[in-house]
Amino acid sequence: MDISIGMYLMMTASHLIQVSLVMAIFSSIYIKSKKNGYISLAVIAFLYSAQLYRGFAVSPIVGITFLIIMIGMGIVSFIVIRRKKNARLGN
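Residues numbered from 1 in each chain as written. Predicted model: local features only at pLDDT ≥ 70, side-chain atom pairs only at ≥ 80, totals over all residues. Heavy atoms only, no water.

Enquirer: Honestly, the environment of Ala 42 in this entry has me stumped. Any pointers?
Expert: One can find Ala 42 in helix H2 (residues 34–58). Take Ala 42: its relative accessible area is 48%, and that puts it in the partly exposed class. Remark: the alpha-carbon pair of Ala 42 and Phe 56, spanning 14 residues in sequence, is separated by 21 Å. (Helix = DSSP H or I, 4+ residues; strand = E, 2+ residues; numbered from the N terminus. Buried < 20%, exposed > 50% of the residue type's maximum accessible area, 1.4 Å probe, protein only.)

Structure, rendered in structure tokens:
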């Protein structure tokens, strides 16, 4: 399937916004309760695996871009959680 540059940019921007919101929600849940955080992470992983499959079905470039966004936001989420836990222990 051939997509235009505009459609590619719109898909990438919407995916970036979606992943940012989901990772912010996950971070909040995980900091409050590890058990609930792991449950939400399992649900998120299941849903995003389907989204990655659809992204690769559209185009390998779209799938790789989605994967890079998810890995990057996962790293950012990990850093935020670690800093908040360290700040909580320091106080």
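Enquirer: When you look at helix H3 (residues 60–90) in this model, what are you seeing that I'm missing?
Expert: Residues that lie three or four places apart on an α-helix share one face, since the helix turns once every 3.6 residues. In this model, H3 (31 residues) spans 45 Å end to end at C-alpha, consistent with the 45 Å of a helix rising 1.5 Å per residue. Residues Val 62, Gly 63, Thr 65, Phe 66, Ile 69, Met 70, Met 73, Ser 77 and Ile 81 constitute the buried set of H3. (Expected span 1.5 Å × (residues − 1).)

Enquirer: Any chance you could explain H2 here in plain terms?
Expert: Here H2 spans 35 Å end to end across 25 residues, near enough to the 36 Å set by a 1.5 Å rise per residue. Those residues of H2 that fall on the buried side of the exposure criterion are Gly 37, Ser 40, Ile 44, Tyr 48, Gln 51, Leu 52, Gly 55 and Val 58. Each element contacted by the buried residues of H2 is listed here: helix H1 (5–32) and H3. (Contact = heavy atoms within 4.5 Å.)

Enquirer: For this particular structure, what's the right way to read the nonpolar core?
Expert: When a protein is soluble and globular, its nonpolar side chains tend to lie buried together. Ranked by size, the top nonpolar core spans 15 residues in total, and within it Val 19, Met 23, Phe 26, Tyr 48, Met 70, Met 73 and Ile 81 carry the most contacts. Put simply, the parts of the chain that give this core at least two residues each are H1, H2 and H3. With six residues, the top contributor of residues to this core is H3. Apart from the residues lying within four places of it in its own chain, the contact partners of Tyr 48 are His 15, Gln 18, Val 19, Val 22 and Met 70. (Core = buried A, V, L, I, M, F, W, Y, C linked by side-chain atoms within 4.5 Å.)

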